[in-house]
Amino acid sequence: MADRVTVIGWDGSPLTAAARGALGAATLVAGAAHHLALPEVPPTAERIRLGSLPLAARRIAAHRGTAVVLADGDPGFFGVVRTLRAPEYGLEVEVVPAVSSVATAFARAGMPWDDAQVVVAHPRTLRRAVNVCRAHPKVAVLTAPGAGPAELGLLLEGVHRTFVICEELGTEREQVSVVTSDKAADHTWRDPNVVIVIGGPAGAGEGGGWIAGRDPGTGPRGWVQPDASYAVGTAHGPGGGPAGVLGEGEREVLRAAQLARLGPRTGDLVWDIGCGAGAFAAEAARAGAAVIAVDHDPAACTRTEGAARRFGVQLQVVYGSAPHVLENLPEPDVVRVGGGGPAVVSAVADRRPRRIVTHAATRDAAERVGRDLTEHGYQVQCALIQSVELDTRAWTETERNVAFLLSGVLPDRAP
């Protein structure tokens, strides 16, 4: 095993005395090509070009001598330190940090970043990184080959964002470009790069926040809000009901149960089909998920956009009739079907999301939907939910709602 392993972060500035001392004593140096070309690397040291981190870690563990690993930015922030400290290698690691590439990118842009989400985009995580960019107004994306600015822009189709693209930070070839997301695919970008994705309402207030990233305390308390929070400013309710009345599938108790069954979270893409007043869509977005809300009623689309503004969340509203309008939408993780019946549920199941939730007014309708989900390979749960509103001054019943709640979980894609 290596006598000592020092990980040195490099941000383009001159190496510190501690870094130079460790590097000068190294008998093995690992890093990218531009790291190994640094004049401080001892000419007699064994050199490892970093590609596969686990393979490099095994070679370092087998080395007899003093090893140094060079990495861009802060190696403890989405960097090589995590791999090197894995128990199977048995390495004792010392770290000499540098300014992270995310901090440098925001410095180049002249922007604060305590209110930013930070994600890593590899080909296997690209879709989830894009969903975070859909859901949050300020995101820093640490990219990789095959998951760079062009791919981010293509997957954000229909959602306007501004990209600040920082290429080869800290080198003589450093370049910062500002483009709209729809133009990012028109260029070839150099690696490595960091993409700052900006769009939608502002995050933290002028005085700043108290927690990095998304403030979980933004907006009113409660996973679901009272029906009255959404039944405002309408000429008629969803489905043609009277003014100020939510659709049957949007009522508070059923909405809470739907959210509990789906469990939307950061990195997910949620479809809300038949979004009505936007109650479910807004609350899924408050949970940190990206949301596409769909409705064939222009008034419902307007109300959903209004709900998003009131609660300070971002979501995409698509006007059109399901199931046809769903064909060109990006793949969902979880789906709520608030309208359209068995045909829409079947079309959604064909897309194989992890979870589907819907409701039915009668047992016969619930059985039809349940059979269809079962035939698509979903494990189905059904519950009869009844809520009774009481006037607490006289403890008399004011309203009663009954619905069958159906949910399907795809076993091979759970959770």
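Relevant structure appears above.
Residues numbered from 1 in each chain as written. Predicted model: local features only at pLDDT ≥ 70, side-chain atom pairs only at ≥ 80, totals over all residues. Heavy atoms only, no water.

Our focus in this paragraph is the sheet that holds strand β3 (residues 46-49). One open sheet accounts for five strands, arranged β3-β2-β4-β1-β5; its pairing is parallel. In this open sheet, the two edge strands, each paired with only one partner strand, are β3 and β5 (93-96). Between one strand axis and the next, the sheet turns by 20° as a mean value, whatever way the strands run. As paired strands, strand β1 (residues 4-10) and β5 are joined by four bridges and run parallel to one another. Bridging across to β5, threonine 6 finds its partner in glutamate 94. Together, β1, β2 (28-31), β4 (66-72) and β5 form the strand contacts of helix α1 (residues 17-24), whose direction differs from that of β1 by roughly 135°. (Pairing = 2+ DSSP bridges. Helix = DSSP H or I, 4+ residues; strand = E, 2+ residues; numbered from the N terminus. Axes fitted to C-alpha atoms, helices over the stretch in contact; angles between N-to-C directions. Contact = heavy atoms within 4.5 Å.)

So, about the environment of glycine 267. Within the secondary structure, glycine 267 is located in the loop between α8 (252-262) and β11 (269-273). When the C-alpha atoms of glycine 267 and alanine 289 are compared, they prove to be 6.0 Å apart, with 22 residues separating the residues in sequence. Residue contacts for glycine 267: discarding those within four places in its chain leaves Arg128, Asn131, Val132, Gly288 and Asp333.

On to the sheet that holds β11. Across the sheet, seven strands lie side by side as β13-β12-β11-β14-β15-β17-β16; this open sheet has mixed pairing. In this open sheet, the two edge strands, each paired with only one partner strand, are β13 (316-319) and β16 (379-391). For this sheet, the mean inter-axis angle between neighbouring strands, taken without regard to orientation, is 20°. The pairing of strand β14 (residues 334-337) with strand β15 (residues 355-360) spans four bridges and is classified as parallel. Along β15, the bridge assignment pairs arginine 336 with valine 357. Lying on the sheet, helix α11 (residues 341-350) is in contact with β11, β14 and β15; it crosses β14 at an angle near 175°. Sheet contacts for helix α12 (residues 363-375): β15, β16 and β17 (396-409); angle to β17, the most-contacted strand, approximately 20°.

What follows is about the packing of α11 against α12. The geometry of α11 relative to α12 is characterised by a closest axis approach of 10 Å and an angle of 15° between their N-to-C directions. Classed by the angle they form, the pair α11 and α12 counts as roughly parallel. Crossing hand, α11 versus α12: right-handed. Residues Pro342, Val345, Ser346 and Ala349 of α11 pack against Arg368, Val369, Asp372 and Leu373 of α12. (Parallel < 35°, antiparallel > 145°, perpendicular 65-115°, else oblique. Left-handed = near helix turned anticlockwise from the far one by under 90°.)

Our focus in this paragraph is the pattern of salt bridges. Using the criterion set out here, one finds 16 salt bridges in the structure. Residue aspartate 272 is joined to arginine 336 by a salt bridge in which the shortest nitrogen-to-oxygen separation is 2.5 Å. Placement of the pair is aspartate 272 in strand β11 and arginine 336 in strand β14, with a sequence separation of 64 residues. A relative accessible area of 1% places arginine 336 in the buried class. We note a salt bridge from arginine 354 to aspartate 333, for which the minimum N-O separation is 2.5 Å. Here the residue arginine 354 occupies a position in the loop between α11 and β15, and aspartate 333 occupies one in the loop between β13 and β14, the gap between them amounting to 21 residues. As far as the burial class goes, arginine 354 and aspartate 333 line up, both buried. Three or more residues joined by partner-sharing salt bridges are found here, namely Arg127, Asp333 and Arg354. (Salt bridge = Lys/Arg side-chain N within 4 Å of Asp/Glu carboxyl O. Buried < 20%, exposed > 50% of the residue type's maximum accessible area, 1.4 Å probe, protein only.)

Evaluated as defined, the whole model comprises three aromatic pairs. Ring geometry for phenylalanine 106 and tryptophan 113: centres 6.0 Å apart, planes at 10°, overall stacked. The class for tryptophan 113 is partly exposed, based on a relative accessible area of 30%. (Phe/Tyr/Trp six-rings, centres within 6.5 Å; stacked < 30°, edge-to-face > 60°.)

A few words on α11. Along α11, the residues that are buried comprise Val344, Val345, Ser346, Val348 and Ala349. Two residues or fewer after α11 comes arginine 352, characterised by a positive phi angle close to 60°.

Here we take up the packing of α8 against helix α9 (residues 279-286). At a minimum axis distance of 11 Å, the contact between α8 and α9 shows a crossing angle of 40°. Of the possible angle classes, the one that applies to α8 and α9 is oblique. Remark: the crossing between α8 and α9 carries right-handed chirality. Contacts between α8 and α9 involve Arg255, Gln258, Leu259 and Leu262 from the former and Ala279, Phe280, Glu283 and Ala284 from the latter. Residues that form the contact of α8 with α9 fall into these classes: five nonpolar, one polar and two charged. (Nonpolar A, V, L, I, M, F, W, Y, C, P; charged D, E, K, R; others polar.)

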